[in-house]
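Descriptive analysis of the structure
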Amino acid sequence: MIFLEIVLRVALVVVAFLVLPLVVGQAEHKVMAHMQGRLGPMYAGGYHGWAQLVADGVKFVQKEDITPGAADRTVFRLAPIVSLFPYLVVLLAVPIGPDLVAQPLDIGLFFVLAVLGVGVLAVLMSAWASANKYSLLGGLRGAAQLLGYELPLVLAAASIAMAAGTLSLPGIVEAWRPWWLLWQAPAAIVFFVAGVAEIRRPPFDMPIADSELVFGYLTEYTGLRFAFFLLAEYVGIVVIAALTTVLFLGGWHGPLPDQLGWLWTLIKVFALSFVIIWLRVTFPRLREDQLQRLCWLVLVPVALAQLVLTAAVKLAI
Amino acid sequence: MTDDGERATPGKGLVQGLAVTLKTMTQRSTTRQYPDVEPDLPPRSRGVIALLEENCTVCMLCARECPDWCIYIDSHKEEVVVPGAARARQRNVLDKFDIDFSLCMYCGICIEVCPFDALHWTPEFEYAETDVLNLLHDKDRLGDWMRTVPAPPAHDVLGEPSKEESTAARKAAGPGAATQARTNVRRPEPEK
């Protein structure tokens, strides 16, 4: 019985892991198109191109499997999986509704942040194994960016954990109160911006920089491996939106939380995904020095200040 | 930073950018999906050139004036016997009139220069070929395009009256009458 339950929970998470990024990806096509005054995909599937990503998936699957001659084969082949797997593991710990979580963990937040750090390894693996100087440049930029932005991410998460008094994600959502929106607002913004930088989305896509570095650490990837990297990008959007929702926006809180909690979570996740897409369309890419400056001179001090504020208010209450 | 040296509030530009993209998203896009919807071409659009063979007197002005030399013309002279005339008249008969659209640059000089209105613009543009040799349209094909030549657009109401209109008006008014050139009404000066 228990085994069956475990399999069911993991299966549901895998379904969410595969479906939500496709929805976000299709939304990105259409939202980005309309924000740029055009229409986006209209043909695939007949009705406003809803099957565009399915068609893309089929296209990637039927492509030739190429590994560059000078590349380190094992590492090259493992990199997409290393990029994708941490997000699946993170989704296991995220609560959707009251008592609706695949695996409630007492150190949930710590676990999630630790696993997210594995993404850096995937970037370095793909960059180094590609045997291509543009990939390597992209990868090194990526490593600097990801390592740098881990710090504000962790500090902002520490602030909310301190406010809730627990590291368990369901526990944090349960302890959340609406006035925390104001109290933790700086941490929310820092976490969100650092999260967007962690998933290497524009305006933080220096490692990819497709007009400067060909495609950065993804240059040599094609076919199904490239599709996995793309899936990882969209899963990353879902994961960061889900984490920001669960930590700072109160997750399943809303009218009728017992019946509709999962709906509020999903609505908040999609709203944040929309904001991430909106940021991509609006802002030009940050240069490396601007990026590092933003991280170390703006986000880290704000996160530290928020920690002080949180501690002060916690002691006062 | 604004031009007068004042510092804007930090983040103001970022928020304005976000507002612009959001506004564009809510407005209906003007994209017309071409193969399903025909494009709205403006009047006098230049697509392909049509030949009205009966007007052509083979004066060769178009072939000479074409900057790309893309018009190829062949002709021969024929005698036409006119009853009651001293000798037979000669007329040019057009044998070959080809326009090479792989060279044509759509400047319209041939159409402007033709004194007999034998060449016309039409707005047809869907004549792409897989073989570049098929872009040489011969006399018959050019004659076929005449079906697609639109009627000339109406004159601009606020524009200068055409030569024919002003001459007719002058003649109808009789000698010494007040014409446009002779009245004191202030009018925008035409380009001399």
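Just so it is clear, the structure is predicted and the values come from calculations on it, not from any experiment.

**Considering the overall build of chain B**
Helices and strands together make up the secondary structure of chain B, namely 5 helices and 5 strands. Listing every helix and strand of chain B by position from the N terminus yields α-β-α-β-β-α-β-β-α-α. Here the analysis covers contacts within chain B between residues at least 6 apart in sequence; of these, 71% occur between residues at least 24 apart.

**Examining the overall build of chain A**
Looking only at helices and strands, chain A features 12 helices and 0 strands. The secondary structure elements of chain A, listed N-terminal to C-terminal, are α-α-α-α-α-α-α-α-α-α-α-α. If one aligns the C-alpha atoms of chain A with their principal axes, the spans along those axes are about 60 × 45 × 45 Å. Long-range pairs, those at least 24 residues apart, make up 78% of the contacts in chain A between residues at least 6 apart in sequence.

**Some points on the nonpolar core**
Among the nonpolar cores identified, the biggest contains 88 residues, and Ile172(A), Phe191(A) and Val238(A) are the most heavily contacted of them. Once you skip the residues sitting within four places of it in the chain, Ile172(A) turns out to touch Leu109(A), Ile160(A), Ala161(A), Ala164(A), Thr166(A), Val246(A) and Leu247(A). Counting 16 residues, the second largest nonpolar core, distinct from the first, contains Leu51(B), Cys62(B), Cys70(B) and Leu119(B).

**Notes on the sheet that holds strand 3 (residues 89–100) of chain B**
Two modes of strand pairing occur in sheets, parallel and antiparallel, and in both the strands are linked by backbone hydrogen bonds. All names here are of chain B. If you walk across this open sheet you meet the 3 strands as 2-3-5, and the pairing is antiparallel. At either margin of the open sheet sits one strand with a lone partner, and together these are strand 2 (71–80) and strand 5 (136–137). Relative to strand 5, strand 3 runs antiparallel, the two sharing 2 bridges. The residue of strand 5 that forms the bridge with Ile99 is His137.

**So, the packing of helix 10 (residues 223–248) of chain A against helix 11 (residues 257–282) of chain A**
All names here are of chain A. In contact at an axis separation of 8 Å, helix 10 and helix 11 are set at 120° when each is read in the N-to-C sense. With respect to helix 11, the axis of helix 10 lies oblique. Crossing geometry of helix 10 relative to helix 11 is assigned as right-handed. Note on element contacts: helix 11 touches helix 10 through Thr265, Lys268, Val269, Leu272, Ser273 and Ile276, opposite Ile237, Val238, Ala241, Ala242, Thr244 and Thr245. Grouping the amino acids of the contact of helix 10 with helix 11 by side-chain chemistry returns 7 nonpolar, 4 polar and 1 charged.

**Thoughts on the packing of helix 2 (residues 52–61) of chain A against helix 10 of chain A**
Relative orientation of the contacting elements helix 2 of chain A and helix 10 of chain A amounts to 140°, with a least axis distance of 7 Å. Packed against helix 2 of chain A, whose contacting residues are Gly57(A), Phe60(A) and Val61(A), the element helix 10 of chain A presents Gly223(A), Leu224(A), Phe226(A) and Ala227(A) at the interface.

**Topic: the environment of Tyr134(A)**
Residues and elements named next belong to chain A. Among the structural elements, Tyr134 can be located in helix 6 (residues 133–164). For Tyr134, a count of 18 C-beta atoms within 10 Å gives the class partly exposed. In the structure, Tyr134 is positioned 86 residues away from Glu220 in sequence and 9.7 Å away in space, judged by C-alpha atoms.

**A short note on helix 3 (residues 73–93) of chain A**
Residues and elements named next belong to chain A. Approximately 30° is the largest bend angle found in helix 3, and it occurs at Ala79, with the proline Pro80 only one to four residues beyond. Listing the buried residues of helix 3 in full gives Phe76, Ala79, Pro80, Ser83, Pro86, Tyr87, Val90, Leu91 and Ala93. Next to the buried residues of helix 3 lie helix 1 (2–35), helix 4 (108–116), helix 5 (118–129), helix 7 (169–175) and helix 10.

**Considerations on the pairing of strand 1 (residues 48–51) of chain B**
Within a regular strand, the side chains alternate between the two sheet faces. All names here are of chain B. Of the two faces of strand 1, both are covered, the one formed by Val48 and Ala50 as well as the one formed by Ile49 and Leu51. With 4 bridges connecting them, strand 1 and strand 4 (residues 119–122) associate as antiparallel partners. Residue Ile49 lies in a different strand from strand 4, and its bridge partner there is Trp121.

**Focus on the confidence of the model for chain B**
A low pLDDT means the predicted coordinates there should not be read in detail. Per-residue confidence for chain B gives a mean pLDDT of 87; residues scoring 70 or more make up 89%. This prediction of the complex comes with two scores: 0.82 for pTM and 0.83 for ipTM.

**Describing unusual backbone geometry**
Geometrically, the link from Pro202(A) to Pro203(A) is a cis peptide bond, its omega value of 5° lying close to zero. Here Pro203(A) lies in the loop between helix 9 (185–198) and helix 10. With a phi angle near 65°, Arg44(B) is a residue other than glycine that sits in the positive phi range. When you line up the elements, Arg44(B) lands in the loop between helix 1 (12–26) and strand 1. A tally of 11 C-beta atoms within 10 Å means that Arg44(B) is categorised as exposed. The phi dihedral of Asp117(B) is positive, around 55°, even though this residue is not glycine. Mapped onto the elements, Asp117(B) comes out in the loop between helix 3 (109–113) and strand 4.

The rules behind each value
- Once a new chain begins, its residue numbering starts again from 1 and follows that chain's sequence as written.
- As they are written, the chains are lettered A onward and the ligands numbered 1 onward, keeping that order.
- Whole-chain, interface and lining totals are the exception, using all residues; otherwise, since this is a predicted model, local features are given only for residues with pLDDT of at least 70 and side-chain atom pairs are given and counted only at 80 or more.
- Secondary structure follows DSSP: runs of H or I at least 4 residues long count as helices, runs of E at least 2 residues long count as strands, and numbering of each begins at the N terminus.
- Here the contact rule is simple: place C-beta atoms from the backbone, and any two residues whose C-beta atoms are within 7 Å are in contact.
- Put simply, a nonpolar core is a cluster of buried Ala, Val, Leu, Ile, Met, Phe, Trp, Tyr and Cys residues tied together by C-beta atoms within 7 Å.
- Whether a residue is buried, exposed or partly exposed follows from its count of other C-beta atoms within 10 Å of its own C-beta, namely 20 or more, 12 or fewer, or something in between, respectively; the C-beta atoms are built from the backbone.
- Strand pairing is defined by DSSP finding a minimum of two bridges between the two strands.
- Axes, fitted as lines to C-alpha atoms, cover a helix only where it is in contact. Angles between the N-to-C directions of the axes lie from 0 to 180 degrees.
- Here roughly perpendicular refers to angles of 65 to 115 degrees, roughly parallel to angles under 35, roughly antiparallel to angles over 145, and oblique to all remaining angles.
- Left-handed is the label given to a crossing in which the near helix is rotated counterclockwise from the far helix by less than a right angle, and right-handed is the label when the rotation is clockwise.
- Under the convention adopted here, Pro, Cys and the residues Ala, Val, Leu, Ile, Met, Phe, Trp and Tyr are nonpolar, Asp, Glu, Lys and Arg are charged, and Gly plus all remaining residues are polar.
- Bend, at a single residue, is the angle you get between axes fitted to the 7 residues ending at that residue and the 7 residues starting at it.
- pLDDT is a per-residue confidence score from the predictor, ranging from 0 to 100.

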